[in-house]
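# A structural walkthrough
In case you want the letters, here they are:
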Amino acid sequence: GSPIQPGGPSYSWPPSSVEQAEQIGIGHDGMWFFPKDGSNEHGMLAINHEFGGNSHVLGKGQPTSLEDVRVSQHAHGVSVVELKKINGKWQVVSSNAARRIHVNTPVTFSGPVAGHPLLQTPMGNTPKGTVNNCASGYTPWGTYLTCEENFNGYFGATGSWTASEGQDRYGFSANGFGYGWEDFDPRFDMSNADYTNEENRFGWIVEIDPMNANQVPVKRTALGRFKHEGIAITVGRGGRVVGYMGDDQRFDYIYKFVSDDNWQSMRARGQSPLDHGKLYVARFNDEGSGDWIELTMDNPVLAAKLKDQAEVLTFARISADLLGATPMDRPVWTTVAPNGDVYCT
């Protein structure tokens, strides 16, 4: 509820949607501090807002208007706020880079699924928003990676609706988590044919530049779509960027992404290292060894079931099922030790 700028709207409960869009959100989870000019006493804090029930945000069990839904939506997402230690005390300071990124913020897509029909709706509405932002990661080039986890719970159905195979595998249901957004915002109503595929726009990792409030958040589709807890980025052989990710649900999987080339060389050529690379899923063997299996249409198992690489990535869970990945017990945080060992809780 704190304003992201000094002098911004002070917190009152419940806030209006306009006020909440200028305030810190709810349900803090992953975060990262980005120093300014190398200082450990001045920088940008990027912090996730994973969830917050209607009773927390609205003071009632269900929304009764679109305004109520907007308040809830604006309490989710990410806050980027400038902090400085002044006379021994951390304070929010005025900033050209501070901003709120929420469910109605314009976003864009990059990578193999960008522009694909799976991300287009009959309504033709532009992509907006990020939700259920769980854990996070950060890149060697100084950007923040926020991870969309239980995105399925914000969708529902006000009319007749039957889940497709893809929707079922990601846990979509007519009532979702009970947020009730679908009652007033048709984007989240799966029974509204005008917004078919809207749910495919969620479940990605989103890259945010914490130093540039004008940057449009980018959903990096090469990293796959599932219930992302977080991503641990390291630099591997040849300067390639490697990201380790867990799909936070019982009996789902551990994934790895490897960029095609040295990350500095790619960026110098105007390419994002997170757009061009290979996505793998882990299969573990009883004696302790394991294999990384690439999620690619070059594999005849996937080619027999799915139409193209965009489907492979959009329905990464189904792809991993087909490839015989090893079910895990809610793989969440991943990290890479200084000696290169990778850990997952």
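The preceding data block contains the structure.
Summarised in this report is the structure supplied together with it.

Here is what the cut-offs are and how they apply
- Residues numbered from 1 in each chain as written.
- Predicted model: local features only at pLDDT ≥ 70, side-chain atom pairs only at ≥ 80, totals over all residues.
- Heavy atoms only, no water.
- Helix = DSSP H or I, 4+ residues; strand = E, 2+ residues; numbered from the N terminus.
- Rg over C-alpha atoms; globule rule 2.2 N^0.38 Å.
- Contact = heavy atoms within 4.5 Å.
- Areas by Shrake-Rupley, 256 points an atom, 1.4 Å probe, with all protein chains shown as cover.
- Lys, Arg positive; Asp, Glu negative; His and termini not counted.
- Charge placed at Lys NZ, Arg CZ, Asp CG, Glu CD.
- Buried < 20%, exposed > 50% of the residue type's maximum accessible area, 1.4 Å probe, protein only.
- Pairing = 2+ DSSP bridges.
- Salt bridge = Lys/Arg side-chain N within 4 Å of Asp/Glu carboxyl O.
- Polar contact = N/O pair within 3.5 Å; in protein donor to acceptor, adjacent residues only side chain to side chain.

On to the overall build of the protein, then. A count of helical and extended segments in the protein gives 8 helices and 19 strands. A compact globule built from 345 residues would reach a C-alpha radius of gyration of about 20 Å, and the protein, at 20 Å, matches this within 12%. Summarising its shape, the C-alpha atoms of the protein cover approximately 55 × 55 × 40 Å along the three principal directions. Put simply, 62% of the contacts in the protein that link residues at least 6 apart link residues at least 24 apart. Accessible area for the protein stands at about 14,600 Å²; split by element, carbon and sulfur atoms hold 49% of it. Treating the 28 positive side-chain charges of the protein as one cloud and the 39 negative ones as another, the clouds have centres 4 Å apart.

So, on to the pairing of strand 8 (residues 144-148). Among the 5 residues that make up strand 8, 5 are buried, leaving the element largely enclosed by the rest of the structure. Alternating positions in strand 8 separate into two faces, Y144, T146 and E148 on one and L145 and C147 on the other, with burial throughout. By the bridge criterion, 4 bridges tie strand 7 (residues 133-138) to strand 8 in an arrangement that is antiparallel. The residue of strand 8 that forms the bridge with G137 is L145. In textbook terms, the turn of a hairpin is the stretch between consecutive antiparallel strands, and for strand 7 and strand 8 this stretch comprises 5 residues, one of which, G142, has a positive phi near 90°. Inspection of the sheet shows strand 8 paired to strand 9 (residues 205-208) by 4 bridges, in the antiparallel sense. Opposite C147, over in strand 9, you have I205 as the bridge partner.

Next up on the list: the side chain of R100. Mapped onto the fold, R100 is located in strand 5 (residues 99-101). Put simply, R100 is tucked away with no salt bridge, and the nearest opposite charge, on E22, sits 10 Å away. Of note is the side chain of R100, whose polar atom sits 2.8 Å from the backbone oxygen of Q23. Here the side chain of R100 touches H76 through a polar contact of 2.6 Å, landing on its backbone oxygen.

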